[in-house]
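# A closer look at the structure
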Amino acid sequence: MRATIHAEPEAVALDLARTALIVIDMQRDFLEPGGFGETLGNDVSLLGAAVAPCKAVLDAARAAGLLVIHTREGHRPDLSDAPKAKIERGHPSMRIGAPGPMGRILIRGEPGHDIIPELYPLEGEPVIDKPGKGAFYATDLDALLRNFGIQHLLVCGVTTEVCVNTTVREANDRGYRCVVLADCCASYFPEFHAIGLAMIKAQGAIFGWVSDSSAALAALKPPALRLVKS
Ligand code: TIU
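### Some remarks on the packing of helix α3 (residues 51-63) against helix α8 (residues 213-220)
Helices that pack against each other are described as a pair by the angle of their axes relative to one another and the distance between those axes. Relative to each other, α3 and α8 sit at 10 degrees, their axes nearing to 10 Å. As summarised for this structure, α3 and α8 are arranged roughly parallel, according to the angle between their axes. Of α8, the residues touching α3 (which contributes P53, A56, V57, A60 and A61) are S213, A216, L217 and L220. Residues of the contact of α3 with α8, tallied by class, amount to 8 nonpolar, 1 polar and no charged.

Following this line, the structure appears as structure tokens:
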């Protein structure tokens, strides 16, 4: 089924059978107090605004039969996949692997590493565990997307200028057309959110397109409902 999503710098024609929704790192470690995001000195409440729009798009994507993929940033319990350069930042008691109120910080299998309950994956939805900021680095995401014949990605998640931007740049170089849903993304720095999105869509969509949840919901509606004016 084909649909058009309003976006900047211009609308994008989607083949929904070749479009996936990717929800990046909506983990307790980034969104809830006591996790990785807070140990970095951030006000994690700033990310909460993205949850409801993200949930609305997630529900619509599921109803439309889109492939839905979730990612989680984190490391093996023995930290063997974590570069020293990444671990050795911040106070030792607050580093990756240190114990916190949600378990060891950014470690797979710990409560803080998991996805927030509101956006929890359904049985069968792929979850990509990634050691880096980009979802393609050291993961099987590219193989999975190619096996499903995916060409377009609707992108949600946190944080806009870190894992979302890195993933979109990686995806763009691999030939995927990314449409980033602005209100489904968030940053600890509102100014970085704005400029992160501006960088994606500048120069005629140099990395991708920027849209929002309401445009995504309109595009994902069944065709009969799209004709009905509300
Ligand atoms: N610190 C920050 O803004 N983000 C991250 O460390 N990871 C993600 O963006 N997921």
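Still to come is the rest of the account.
### Some words on the sheet that holds strand β8 (residues 152-158)
Strand pairing within a sheet occurs via backbone hydrogen bonds; the two strands may be parallel or antiparallel. Within the open sheet, the 6 strands sit side by side as β7-β4-β3-β8-β9-β10. Their pairing is parallel. Each having just a single partner strand, β7 (127-130) and β10 (209-211) make up the two edges of the open sheet. Along the sheet, successive strands turn relative to each other by an average axial angle of 25 degrees, direction set aside.

### Here we look at the packing of aromatic side chains
Following the criterion strictly, the structure yields 3 aromatic pairs and no others. Judged by centre distance (5.9 Å) and plane angle (80 degrees), the ring pair of F30 and F36 falls under edge-to-face. Assessed through its relative accessible area of 7%, F30 is described here as buried. Relative to F192, the ring of F189 has its centre 4.8 Å away and its plane inclined at 35 degrees; by these criteria the two rings are tilted. Exposure remark for F189: the relative accessible area of 32% places this residue in the partly exposed category. Judged by its relative accessible area of 34%, F192 falls in the partly exposed class.

### As for a nonpolar patch on the surface
Together, F189, F192, I195 and M199 make up a nonpolar patch on the protein surface, roughly 340 Å² of accessible area in all. Its location among the elements puts M199 in helix α7 (residues 190-205).

### Digging into the site of the ligand
Taken together, D25, F30, F36, L40, E73, K133, V158, T159, V162, C163 and Y188 form the complete shell of residues around the ligand. For the ligand, an oxygen atom lies 2.9 Å from a polar atom in the side chain of T159. Between C163 and the ligand, the recorded distance is 3.1 Å, taken from a backbone N or O atom to an oxygen atom. Contact with the protein chains removes 93% of the 280 Å² of surface that the ligand exposes when unbound. Of the residues belonging to the shell around the ligand, the class tally is 7 nonpolar, 1 polar and 3 charged.

### Observations concerning the pairing of strand β2 (residues 12-15)
Judged from the 4 bridges that link them, strand β1 (residues 2-5) and β2 form a sheet pairing that is antiparallel. Residue pairing across strands places I5 opposite V12, the latter belonging to β2. Connecting β1 to the antiparallel partner β2 that follows it, the hairpin turn spans 6 residues.

### Here we look at the nonpolar core
Counting residues in hydrophobic clusters, the biggest one holds 45 residues, and the most contacted among them are I5, L21, M26, L154 and L181. Elements with a minimum of two residues in this core: β1, β2, β3 (19-24), α1 (28-31), α3, β8, β9 (177-186) and α8. Ranked by the residues each element gives to this core, the list is headed by α3, at 6 residues. For L181, the residues in contact, after removing those within four places along its chain, are I5, V57, L154, V155, C156, S211, D212 and A216. One finds A135, F136, Y176 and C185 within the second-largest nonpolar core, a separate group that totals 26 residues.

Quick notes on the rules
Counting restarts for each chain: residues are numbered from 1 in the order of the written sequence. Local features in a predicted model are, by the rule used here, given only for residues with pLDDT of at least 70; side-chain atom pairs are given and counted only at 80 or more, and totals for whole chains, interfaces and linings are based on all residues. No hydrogens and no water enter the side-chain calculation; it runs on all heavy atoms of the structure. In this analysis, axes come from line fits to C-alpha atoms, helices being fitted only over the stretch in contact, and the angle between any two N-to-C directions falls in the range 0 to 180 degrees. We count a stretch as a helix when DSSP gives it H or I for four or more residues in a row; a strand needs E for two or more, and each element gets its number in order from the N terminus. In what follows, roughly perpendicular refers to angles from 65 to 115 degrees, roughly parallel to angles under 35, roughly antiparallel to angles over 145, and oblique to any angle outside these ranges. Residue contacts are defined here by distance: any two heavy atoms, one from each residue, within 4.5 Å place the two residues in contact. Gly falls in the polar group here, along with every residue not listed as nonpolar (Ala, Val, Leu, Ile, Met, Phe, Trp, Tyr, Cys, Pro) or charged (Asp, Glu, Lys, Arg). A pair of strands is considered paired only if DSSP assigns at least 2 bridges between the two. Here a Phe, Tyr or Trp ring, Trp counted by its six-membered ring, pairs with any other such ring whose centre lies within 6.5 Å, and the pair is stacked when the planes are under 30 degrees apart, edge-to-face when over 60, and tilted otherwise. The rule is simple: take the accessible area with a 1.4 Å probe, protein chains only, and divide by the maximum for that residue type; under 20% is buried, over 50% is exposed, in between is partly exposed. Within this analysis, patches are made of residues with over 30% relative accessible area and no salt bridge. Like charges are joined at 9 Å or less; nonpolar side chains (Val, Leu, Ile, Met, Phe, Trp, Tyr) at 5 Å or less. Calculation of accessible area relied on Shrake-Rupley with a 1.4 Å probe; when residues are assessed, cover is drawn exclusively from the protein chains displayed. One speaks of a salt bridge when a side-chain nitrogen belonging to Lys or Arg is within 4 Å of a carboxyl oxygen belonging to Asp or Glu. Nearness is judged by heavy atoms alone; a residue qualifies as near a molecule or strand once a single heavy atom is within 4 Å of it. N or O atoms within 3.5 Å of each other form a polar contact, as long as, within protein, one can give a hydrogen and the other can take it, and as long as residues adjacent in sequence are counted only when both atoms are side-chain atoms. Residue types Ala, Val, Leu, Ile, Met, Phe, Trp, Tyr and Cys, when buried and joined through side-chain atoms within 4.5 Å, form a set referred to as a nonpolar core.

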